[in-house]
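# Results of the structural survey
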Amino acid sequence: MDRSEVLAAYNKQVRQGTSPDGTGAGYETGTHVVRRVAHPGLGGSGVLWSRLDTASANEVIAEQVRFFGARGESFEWKLYSYDEPADLADRLRAAGFVPEEPESLMIAAITEITGALQSAELPPGVSLERVTDEAGVDRMIRVHELVFGNDETERRASFLTQLADAPETIDMVIAVAGDEPVSAARSEFLPGTQFAGLWGGGTLPRWRRKGIYRALVRYRADMAAERGYSYLTVDASDQSRPILERIGFECLAVTTPYHWSPGGSRAAS
């Protein structure tokens, strides 16, 4: 995989992409940023890409704060380690943004990891169930809430919207042991791109280190290949990065979500 070539394609197709994703979100492209404006109640608004320098950065940041602040809406500025200017993270914090934990942008060419995934099998007694209706979404959300400890209300609404209006943009799956959901993951298929995004993969503690995460990657790689995608992307935690590296994923950047909320306290940064 040519890292520079793939990262350039990712920037153009994913970070600067504006194709509808099935959630009703709008995408706005300006001179300095591409921003996603979520449908009310579905969450996920934010700045996806920026082209800034030391002269423009502060005013562009302030402009985004004014825009989303006027809507009374929280939003995320997703900062990549190669974004300019070099002190953009400091400027975001000074504007009231609060960083979350960094993640690794992992990308793999599907054809290059097929061999490594051939041995990725589910443990005995565990099977996969595709999520195709509201009941399935609720089971999936329950796993996410148990594993990650977040309120998934808006994400639930977003998934249901995609299933109803644009099912081709998403595929969701649950790993179950008997009747118990023990892990859940999804793929997002960005129209008009070469990239399929892998998300979730959270597994209940007592079911970890049994190969479920690898099996979910294999399932989603097969789904992406069937749909004609060339690459898989993951925003990987420190826990999943080593697993992905063993499969053949490469780290192309580090990403850090910076969040701004109306009335948010800068002390948190």
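Keep in mind it's a predicted model, so treat the numbers as computed, not measured.

## A short note on helix H4 (residues 110–117)
Of all the positions in H4, only Ile 110, Ile 113 and Leu 117 are classed as buried. Taken around the axis of H4, the buried residues stretch over an arc of 75 degrees, which confines them to a single face. For H4, the secondary structure elements touched by its buried residues are strand S6 (103–109), helix H7 (212–226), strand S11 (231–236) and helix H8 (241–247).

## Focus: the nonpolar core
By size, the foremost hydrophobic cluster in this structure holds 46 residues, and its most contacted members are Met 172, Val 217, Leu 232, Val 234, Leu 244 and Phe 249. The biggest single contributor to this core is H7, with 8 residues. Once residues within four sequence positions are removed from consideration, Val 217 is found in contact with Leu 117, Leu 198, Leu 244, Ile 247 and Phe 249. One finds Ala 57, Val 65, Trp 77 and Leu 92 within the second-largest nonpolar core, a separate group that totals 17 residues.

## So, unusual backbone geometry
Along the chain, Glu 84 connects to Pro 85 via a cis peptide bond; the corresponding omega equals -5 degrees. Among the secondary structure elements, Pro 85 is positioned in the loop between strand S4 (75–80) and helix H3 (88–94). Positive phi values are uncommon outside glycine, yet Arg 209 reaches one of about 60 degrees. On the secondary structure map, Arg 209 appears in the loop between strand S10 (195–203) and H7.

## Quick word on the pattern of salt bridges
A side chain with one charge can pair with a side chain of the opposite charge if their charged atoms come near. Throughout the structure, instances matching the rule amount to 18 salt bridges. Asp 83 is paired through a salt bridge with Arg 15; the nearest N and O atoms lie 3.0 Å apart. Pair noted here: Asp 83 is in the loop between S4 and H3 and Arg 15 is in helix H1 (residues 3–15), with a separation of 68 residues, a long-range link. Like Arg 15, Asp 83 is buried. Through salt bridges with shared partners, one network takes in Glu 134, Asp 138 and Arg 156.

Rules of the game
- Residues numbered from 1 in each chain as written.
- Predicted model: local features only at pLDDT ≥ 70, side-chain atom pairs only at ≥ 80, totals over all residues.
- Heavy atoms only, no water.
- Buried < 20%, exposed > 50% of the residue type's maximum accessible area, 1.4 Å probe, protein only.
- Helix = DSSP H or I, 4+ residues; strand = E, 2+ residues; numbered from the N terminus.
- Arc of directions from axis to C-beta.
- Contact = heavy atoms within 4.5 Å.
- Core = buried A, V, L, I, M, F, W, Y, C linked by side-chain atoms within 4.5 Å.
- Salt bridge = Lys/Arg side-chain N within 4 Å of Asp/Glu carboxyl O.

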